[in-house]
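Structural description and commentary
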Amino acid sequence: MTMRLYTFAVYLFLYVPIGIIVLFSFNSGRHASDFQGLSVKWYGKALSNPFMMDALTTSLIIAFSAALLSSIMGTMAALALQRIRGPLKPLFDGMIYVSIMIPGIVIGIATLVALVTVFDFLNPILASVWPEGANPPKLSLGYMSVIAAHTLFTMSLVILLVRARIAGMDRSLIEAAQDLYATPWQTFRLITLPQIFPAILAGFLLSFTFSFDDFIISFFVAGTNSTLPIYVFSSIRRGITPEVNAIGTMVLAVSLILLVTAQILLRKNTGKSSAAAE
Amino acid sequence: MIDDTNAKRWLTGVLLGPTTVWFLFMLVLPLVVVAIFSFGMRSPEGGYVASFTFDQYFNLPSRLAAFKNTLSYAPLGTLASLLIAYPLAYYLAIKVNQKWKLLLLVLVIVPFWTSLLIRTYAWIFLLGGKGIPSLLEFIGIEGVRLINTPFAVIVGIIYGYLPLMVFPIYISLEKLDKRLLEAAADLGCAPARSFFQITLPLSMPGMATGCMLVFILLMGEFLIPAFLGGGKVFFIGNALVDLFLQSRNWPFGSAVAITLVIIMLVTVSLYMRLAMGKSTGQDESLM
């Protein structure tokens, strides 16, 4: 009984703060902390705020690109890693673990310092070889650097998810396909891909969530751009408003929807028949 | 035949190519550059001057407070999370019936995958003047200040990282052979004794994994002290944000960052020894 109460208390601890944010986002009052009545006006206000919409667009573009890159590169690597042996394998495993474990702040700093150094080196060269009259391109921090930095983590995440799926895969189908003279490409497209696809999609969604929610890496490498978490961070610094609650609720909702979908995909894929049927 | 193996090698190379490029240019190269910067000097205008000096490292004591705070709050926060997480993980792994288990487990993990920024923000709200303190005032307790205190930072830490602690402990308890406990009971062992002699030792790898994960992430924490510590409690992460984005002393910031990475590496290798010694573990770190 005490255990049950304790568990209940922990779940309250986990969910009450989130619930409060959601509740207060529907507050009709002008102050963040006095609840006056239900209204969706702060959502309207948030969605018509050009700075917030800009930041949202930036975040969506970055998250989509990072997730797409990660799912493609991560799947490729997972497929290759199942067949290599020798010293290369532990080296790759090491890289994967390091890129997952290393705190975001270190990645942010390292990427910032390295990219700025490389850009400072390349920009004068680009300017000198550029044809006279035309404006030479100037490399700088922005979307690309955030995408590249996020992809380091999310790519490794996809590798782990897809690799786990490959390990649990039914080998006999692949052998049967080979016995029936399927080309490697046919075997991949018709047998392997359908089986690992739920894991790839789950990896895509988790990558998207990670990138969309990340604050610290983007804070260092976004340059003059604002992602949604950066915008929220600076709004909070200026003071708590009901608008921030509305934005926060929307951010939570996006991650929740993606997470639940990813969970369903990962569960579904434990049943062999359902995976093969796709 | 020879062509076939060559083709396979070529294919493996192509498949691993992009990942290799990413690891080299987004992980190895940046860390190397930061290491080089940490031995450099700062130009009067604030830029980097190539050199080989340990000056930046000798200067580390000027940020001693940040290191002290991080190295005391991180273990404290890890311990607090462990104490709160263990009974929950135990309950989920051993007491809850199969029907509810998955749902309850998912409910623990879900918050971890949502924005830490928003979740920490929620506590500014809750601990701030109009939150819990005003409720306390209502029942007659006045003058309680919660936000911008060490307490607030610890609450934020537990809130942020509890799921990460519960999960590995849950896995190690779930794997535990329940027959051991039955055998102990049959032989007249009291439940408390079988807990301390069987359950607790066998869940060590899970606890070690959870502690390592939480500790490492706390070492690099920035948001929680920034939001809930109010400038009084600041971590290495806050010093780094200041050094790289505000005061722009990159060589010194690099030295701080490298020191942080070294502390983490030491932690991980200590953990490896501990977990390797107990044979299981390692892969539990992956959700």
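Source: prediction; values computed, not measured.

Okay, the overall build of chain B next. From N to C terminus, chain B includes 13 helices and two strands. Relative to the globule expectation of 19 Å for 287 residues, the C-alpha radius of gyration of chain B, 24 Å, shows a markedly less compact shape. Split into buried and exposed, the 287 residues of chain B put 43% on the buried side. Long-range pairs, those at least 24 residues apart, make up 75% of the contacts in chain B between residues at least 6 apart in sequence.

Before going further, it helps to examine the interface of chain B and chain A. Chain B puts 54 residues into the contact, and the matching count from chain A is 56 residues. Mapped by element, the contributors of at least two residues to the side of chain B that touches chain A are helix H1 (2-38), helix H3 (64-95), helix H4 (98-109), helix H5 (116-127), helix H10 (204-219), helix H12 (236-246) and helix H13 (250-277) of chain B. No other element matches H1 of chain B, which puts 15 residues into the side of chain B that touches chain A. In terms of residue class, the side of chain B that touches chain A is built from 43 nonpolar, eight polar and three charged.

The subject of this paragraph is the confidence of the model for chain B. Residue and element names in this part refer to chain B. Looking at chain B as a whole, its pLDDT mean stands at 85, while 94% of the residues score no less than 70. Below pLDDT 50 for its whole length, residues 279-287 participates in 18 contacts with residues either more than four positions away or in separate chains. Overall fold confidence (pTM) sits at 0.87, and the ipTM for the predicted complex is 0.85.

What follows deals with the nonpolar core. Ile109 of chain A together with Ala89, Trp123, Val166, Tyr170 and Leu240 of chain B are the most contacted members of the largest nonpolar core, which totals 158 residues. In terms of residues, this core owes the most to one element, helix H7 (residues 150-175) of chain B, which gives 16 residues.

The phi dihedral of Tyr181 of chain A falls on the positive side, at around 65°, and the residue is not glycine. Secondary-structure assignment places Tyr181 of chain A in the loop between helix H7 (171-179) and helix H8 (184-213). A count of 7 C-beta atoms within 10 Å places Tyr181 of chain A in the exposed class. Even without a glycine there, the phi angle at Arg248 of chain B is positive, about 50°. Turning to its location among the elements, Arg248 of chain B is positioned in the loop between H12 and H13.

Residue and element names in this part refer to chain A. Here chain A averages 85 in pLDDT, and 95% of its residues register 70 or above. Of all helices and strands in chain A, the one with the weakest mean pLDDT is helix H12 (residues 272-277) (38), whereas helix H9 (residues 216-221) scores best (94). Segment residues 271-278 is flagged for pLDDT under 50; beyond a separation of four residues in sequence, or across chains, it makes 10 contacts in the model.

With respect to the secondary-structure elements, Val21 of chain B resides in helix H1. Remark: the alpha-carbon pair of Val21 of chain B and Phe58 of chain B, spanning 37 residues in sequence, is separated by 35 Å.

A few words on helix H8 (residues 178-186) of chain B. Within H8 of chain B, only zero of the nine residues are buried, leaving the element largely exposed. Note on H8 of chain B: the residue one or two positions beyond its end, Gly188 of chain B, has a positive phi of about 85°.

For any two helices packed against each other, one specifies the crossing angle of their axes together with the interaxial distance. All names here are of chain A. At a minimum axis separation of 10 Å, H7 and H8 run at an interaxial angle of 155°. Put simply, H7 runs roughly antiparallel to H8. Between H7 and H8 the crossing geometry is right-handed. Along its contact with H7, which presents Leu173, Ile174, Ala177 and Gln178, the element H8 presents Thr187, Ile191 and Thr192. Along the lines of polarity and charge, the residues of the contact of H7 with H8 split into four nonpolar, three polar and no charged.

What counts and what doesn't
Residues numbered from 1 in each chain as written. Chains lettered and ligands numbered in written order. Predicted model: local features only at pLDDT ≥ 70, side-chain atom pairs only at ≥ 80, totals over all residues. Helix = DSSP H or I, 4+ residues; strand = E, 2+ residues; numbered from the N terminus. Rg over C-alpha atoms; globule rule 2.2 N^0.38 Å. Buried ≥ 20, exposed ≤ 12 C-beta atoms within 10 Å, placed from the backbone. Contact = placed C-beta atoms within 7 Å. Nonpolar A, V, L, I, M, F, W, Y, C, P; charged D, E, K, R; others polar. pLDDT = per-residue confidence, 0-100. Core = buried A, V, L, I, M, F, W, Y, C linked by C-beta atoms within 7 Å. Axes fitted to C-alpha atoms, helices over the stretch in contact; angles between N-to-C directions. Parallel < 35°, antiparallel > 145°, perpendicular 65-115°, else oblique. Left-handed = near helix turned anticlockwise from the far one by under 90°.

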